[in-house]
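Coordinate analysis (summary)
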Amino acid sequence: MLGSQGPDQGYALRLAQFFVDRLQLVEGEKKGDVMAGCVPIAGRRASLFGRAPVIHDLELAFGMWGYLNDAPSDLIAYRKSFFFGAGHDYWRQREIATQIPEATLRLTPAQAASTLASWRELLGA
């Protein structure tokens, strides 16, 4: 239960700040919950490649959930309830991060964005 180990995982928190103003949230969504759910995804992706997090890890993490572009309405409904309270719930953060299939984590951010229409498969939902 130690998560995905890798060098300088905390750097993802710093990189996430570059996305704060770009996040497309709907009513009821909180930036803190989104950050808390997506940063561990970025750390998990970075650890797959044996390196510290880079900006592309965060772009993939936010993008796959539709936070960086127009997301389908059913994805918004799903993510809204799934991320609710993640900023204060470690186990929710872990659930979000571990749900994502490894194959999705190996995609480029552009590849993930192009398959957002089939988000259930992309997110392992």
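Residues numbered from 1 in each chain as written. Predicted model: local features only at pLDDT ≥ 70, side-chain atom pairs only at ≥ 80, totals over all residues. Heavy atoms only, no water.

Turning our attention to the overall build of the protein. Summing up its helical and strand segments, the protein has 8 helices and 0 strands in all. Listing the helices and strands of the protein from first to last along the sequence gives α-α-α-α-α-α-α-α. Against the 2.2 N^0.38 benchmark of 14 Å for 125 residues, the protein shows a C-alpha radius of gyration of 13 Å, consistent with a compact globule. Oriented by its inertia axes, the alpha-carbon framework of the protein measures out at about 35 × 30 × 25 Å. The buried share of the protein, taken over its 125 residues, is 43%. Accessible area for the protein stands at about 6,500 Å²; split by element, carbon and sulfur atoms hold 55% of it. (Helix = DSSP H or I, 4+ residues; strand = E, 2+ residues; numbered from the N terminus. Rg over C-alpha atoms; globule rule 2.2 N^0.38 Å. Buried < 20%, exposed > 50% of the residue type's maximum accessible area, 1.4 Å probe, protein only. Areas by Shrake-Rupley, 256 points an atom, 1.4 Å probe, with all protein chains shown as cover.)

Let us look at helix H3 (residues 55–64). Buried residues dominate H3, accounting for 7 of its 10 residues. For H3, every residue scored as buried is listed here: Asp57, Leu58, Leu60, Ala61, Phe62, Gly63 and Met64. Directly beyond the C-terminal end of H3, a positive phi value near 80° is found at Gly66.

The next point concerns the packing of aromatic side chains. By the definition in use, this model includes 9 aromatic pairs. With centroids separated by 6.1 Å and ring planes inclined at 10°, the aromatic side chains of Trp65 and Tyr78 adopt a geometry described as stacked. With Trp65 in the loop between H3 and helix H4 (73–83) and Tyr78 in helix H4, the pair connects residues that are 13 residues apart, well separated along the chain. Judged by relative accessible area, which is 0%, Trp65 ranks as buried. For Tyr78, a relative accessible area of 24% translates into the label partly exposed. Positioned over the ring face of Phe82 is Arg92, at 5.7 Å from the centre of the ring. Positioned above the aromatic ring of Phe49 is the side chain of Arg106, whose terminal nitrogen or guanidinium carbon lies 5.5 Å from the ring centre. (Phe/Tyr/Trp six-rings, centres within 6.5 Å; stacked < 30°, edge-to-face > 60°. Lys NZ or Arg CZ within 6 Å of the ring centre and 35° of its normal.)

All we've got here are geometric facts, nothing functional implied.
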